[in-house]
Amino acid sequence: SQANFEEDKQKQAAVGHWRTLMPSKGSKEEPETGCQDAGGVDETQSTEQLNVSRLRSSSVEIREKGSEFLKEELHKAQKELKLKDKECERLSKVREQLEQELEELTASLFEEAHKMVREANTKQAASEKQLREARGKIDMLQAEVTALKTLVITSTPSSPNRELHPQLQSPSKAVFRKGHGRNKSTSSAMVSAASQNVTPEPVSHECKEVDSILFAEFQAWKESPTLDKSCSFLDRIYREDVGPCLDFTKQELSELVRVAVEQNTLTIEPVASQTLPVVKVSAEECGGPKKCALSGLPRTCKHRIMLGDSGNYYYISPSCRARITAVCNFFTYIRYIQQGLVRQDVELMYWEVMRLRREMSLAKLGFYPSEM
């Protein structure tokens with residue numbers, strides 16, 4: 001288009017040049033030769049005019065074609081620009097969509113990472129807890145094995161270990177040694193080792209026959225041992241043995257003693273040989289060395305009891321102590337059974353329970369060893 005435009009300009013310049021060379025219509029110049037006639041002059045002028053009109057028409061035609069060409073080029077450029085705008089808009093939408101998907105993917109990855117970290121921390125805490133529990137069980141088993149080895153090694157036929165064979169001890173010492181007080185000096189391993197080997201005290205010159213009702217109740221309790229006194233086995237013992245044995249003159253104190261025995265928070269201390277710290281002023285000592293706090297009778301009291309952590313001491317007579325320790329012996333034994341520490345036949349365990357019930361009955365009737 002630019003080349004056509006330059007050609008058009010050159011032609012216009014040429015036309016102007018011809019105009020300067022051609023004489024105008026109204027020019028007063030006279031021809032050099034005065035001999036030319038009027039007909040020749042008119043012919044020349046008409047030819048010149050024809051040439052000028054031709055040049056003008058060709059110039060207009062060239063100008064129109066150039067204008068049309070430029071319009072077409074402009075139209076094409078506008079179409080291309082519109083296409084490029086649409087392409088840019090489409091690419092912008094694609095970019096926004098990709099950015100949104102990238103943000104969602106990043107958020108989901110972070111959430112998944114946090115979830116994995118939380119799960120890992122939870123599993124680690126659970127594993128550490130299981131490890132601590134396993135180590136505790138291992139330590140306990142090692143202590144039990146060590147205690148059993150010590151008991152077995154130190155027990156010989158000529159010099160038997162009395163902890164391993166409790167039936168060799170006197171009834172009073174065996175009763176008090178089983179740890180019915182709140183503070184126990186022996187380890188759990190020693191207690192479990194001794195309890196596994198507890199055998200019923202042999203009774204000489206006596207015949208025994210299993211009561212079918214009592215044995216059935218004990219067997220039913222042994223299947224799922226519990227300390228709930230609503231079961232038939234413990235309900236009978238509470239009515240026939242525990243209740244009467246702990247029924248003292250001072251009813252209010254008797255109830256407190258029964259609760260302490262059931263919760264294993266009762267402590268019995270000898271009065272004469274016990275070296276006690278300075279007692280607080282607020283601590284109350286009921287009874288005295290010459291008066292029993294449970295019966296209210298004047299008796300020589302060699303022991304006193306404390307219920308839980310109250311700090312209150314109560315002096316008790318030997319008879320009351322025998323009744324309390326008989327009940328404590330029974331509860332200690334059934335606790336051992338409940339914890340799985342007694343490894344004996346069901347019938348042997350039944351006769352041991354019957355022996356402990358007999359001790360409670362005798363203590364209720366006022367029979368107790370002179371050592372108390």
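Please refer to the structure placed before this passage.
Residues numbered from 1 in each chain as written. Predicted model: local features only at pLDDT ≥ 70, side-chain atom pairs only at ≥ 80, totals over all residues. Heavy atoms only, no water.

### A closer look at the side chain of Arg 335
So, step 1. Within the secondary structure layout, Arg 335 lies in helix H8 (residues 318–338).
So, step 2. For the buried Arg 335, no salt bridge is present, and the opposite-charge side chain at shortest range is Glu 262, 7.9 Å distant.
So, step 3. If we ignore the near neighbours within four places in the chain, the residues touching Arg 335 are Leu 227, Val 261, Glu 262, Gln 263 and Asn 264. (Helix = DSSP H or I, 4+ residues; strand = E, 2+ residues; numbered from the N terminus. Buried < 20%, exposed > 50% of the residue type's maximum accessible area, 1.4 Å probe, protein only. Lys, Arg positive; Asp, Glu negative; His and termini not counted. Salt bridge = Lys/Arg side-chain N within 4 Å of Asp/Glu carboxyl O. Contact = heavy atoms within 4.5 Å.)

### Description of the packing of H8 against helix H9 (residues 346–364)
So, step 1. With their axes 8 Å apart at the nearest point, H8 and H9 run at an angle of 165° to one another. Between H8 and H9, the angle falls in the class roughly antiparallel. The two elements H8 and H9 meet at a crossing, and its hand is left-handed. Contact with H8, carried on its side by Ala 322, Arg 323, Ala 326, Val 327, Asn 329, Phe 330, Tyr 333 and Ile 337, involves Met 349, Glu 352, Val 353, Leu 356, Glu 359, Met 360, Ala 363 and Lys 364 of H9 and no other residues of that element.
So, step 2. Tallied by class, the residues present in the contact of H8 with H9 amount to 11 nonpolar, one polar and four charged. (Axes fitted to C-alpha atoms, helices over the stretch in contact; angles between N-to-C directions. Parallel < 35°, antiparallel > 145°, perpendicular 65-115°, else oblique. Left-handed = near helix turned anticlockwise from the far one by under 90°. Nonpolar A, V, L, I, M, F, W, Y, C, P; charged D, E, K, R; others polar.)

### Concerning the environment of Gln 219
So, step 1. Its location among the elements puts Gln 219 in helix H5 (residues 212–223).
So, step 2. A relative accessible area of 35% places Gln 219 in the partly exposed class.
So, step 3. Sequence-wise, Gln 219 and Tyr 350 are 131 residues apart; in three dimensions their C-alpha atoms are separated by 8.5 Å.

### Quick look at a nonpolar patch on the surface
So, step 1. Judged by side-chain polarity, Leu 362, Leu 365 and Phe 367 come together as a nonpolar surface patch covering roughly 330 Å² of accessible area.
So, step 2. Assignment of secondary structure puts Leu 365 in the segment after H9. (Patch = residues over 30% accessible without salt bridge, like charges linked within 9 Å, V, L, I, M, F, W, Y side chains within 5 Å. Areas by Shrake-Rupley, 256 points an atom, 1.4 Å probe, with all protein chains shown as cover.)

### Looking at the packing of aromatic side chains
Remark: the centre distance and the inter-plane angle together describe each pair of aromatic rings, the angle taken between the planes.
So, step 1. Throughout the structure, instances matching the rule amount to eight aromatic pairs.
So, step 2. Arranged with centres 5.6 Å apart and planes meeting at 70°, the rings of Phe 330 and Phe 331 form a pair that is edge-to-face. This pair shows no difference in class: Phe 330 is buried, exactly as Phe 331 is.
So, step 3. Seen in terms of ring centroids, Tyr 350 and Trp 351 are 5.4 Å apart; in terms of plane orientation they differ by 65°. Their pairing is edge-to-face.
So, step 4. The class of Trp 351 is buried, set by a relative accessible area of 15%.
So, step 5. What links up through ring pairs into an aromatic cluster is the set Phe 215, Phe 218, Trp 221, Phe 233, Tyr 350 and Trp 351.
So, step 6. For Lys 208, the ring lying beneath its charged end belongs to Trp 351, and the centroid distance is 4.8 Å.
So, step 7. Directly above the ring of Tyr 238 sits Lys 229, whose terminal nitrogen or CZ lies 5.2 Å from the centroid. (Phe/Tyr/Trp six-rings, centres within 6.5 Å; stacked < 30°, edge-to-face > 60°. Lys NZ or Arg CZ within 6 Å of the ring centre and 35° of its normal.)

### Things to note about the packing of H5 against helix H6 (residues 232–245)
The relative placement of two packed helices is expressed as an angle between their axes plus a distance between the axes.
So, step 1. At a minimum axis distance of 8 Å, the contact between H5 and H6 shows a crossing angle of 125°. Classed by the angle they form, the pair H5 and H6 counts as oblique. Touching Ile 213, Leu 214, Glu 217, Phe 218 and Trp 221 of H5 are Ser 232, Phe 233, Leu 234 and Arg 236, all from H6.
So, step 2. Of the residues contributing to the contact of H5 with H6, the split by class is six nonpolar, one polar and two charged.

### Points about unusual backbone geometry
So, step 1. Despite not being glycine, Asn 264 has its phi angle at roughly 60°, a positive value.
So, step 2. Residue position: Asn 264 is located in the loop between helix H7 (251–262) and strand E1 (266–270).
So, step 3. What makes Asn 264 partly exposed here is its relative accessible area of 23%.

### Here's the deal with the pattern of salt bridges
Close approach of charged atoms lets side chains of opposite charge pair.
So, step 1. Under the criterion given, the structure shown has 12 salt bridges.
So, step 2. Put simply, Glu 217 and Arg 236 hold a salt bridge, and the shortest N to O gap is 2.9 Å. Note that Glu 217 is positioned in helix H5 and Arg 236 in helix H6, a separation of 19 residues in sequence.
So, step 3. What emerges from the salt-bridge pattern is a single network uniting Glu 217, Arg 236, Glu 240, Asp 241 and Arg 357.

### Examining the nonpolar core
So, step 1. Within the largest apolar cluster, 48 residues are counted, with the highest numbers of intra-cluster contacts made by Val 242, Leu 266, Leu 294, Ile 305, Ile 324 and Phe 330.
So, step 2. If you list the elements that add at least two residues to this core, you get H5, H6, H7, E1, strand E3 (303–307), strand E4 (313–316), H8 and H9.
So, step 3. Other than its neighbours up to four places away in sequence, Ile 324 contacts Leu 246, Phe 248, Val 257, Val 261, Leu 266, Ile 268, Leu 294, Ile 305 and Ile 316. (Core = buried A, V, L, I, M, F, W, Y, C linked by side-chain atoms within 4.5 Å.)

### Structural notes on a negative patch on the surface
So, step 1. There is a patch of like negative charges on the surface, built from Glu 64, Glu 68, Glu 72, Glu 73 and Glu 80.
So, step 2. Relative to the elements of secondary structure, Glu 73 occurs in helix H2 (residues 38–153).
So, step 3. Owing to a relative accessible area of 36%, Glu 73 belongs among the partly exposed residues under this scheme. (Charge placed at Lys NZ, Arg CZ, Asp CG, Glu CD.)

### Focus: the pairing of E1
So, step 1. Of all five residues in E1, four are buried; the element is thus mostly enclosed.
So, step 2. As defined by bridge partners, E1 adjoins E3 across five bridges and the pair is classed as antiparallel. Along E3, the bridge assignment pairs Pro 270 with His 303. (Pairing = 2+ DSSP bridges.)

Don't take any of this as a statement about function, it's just geometry.
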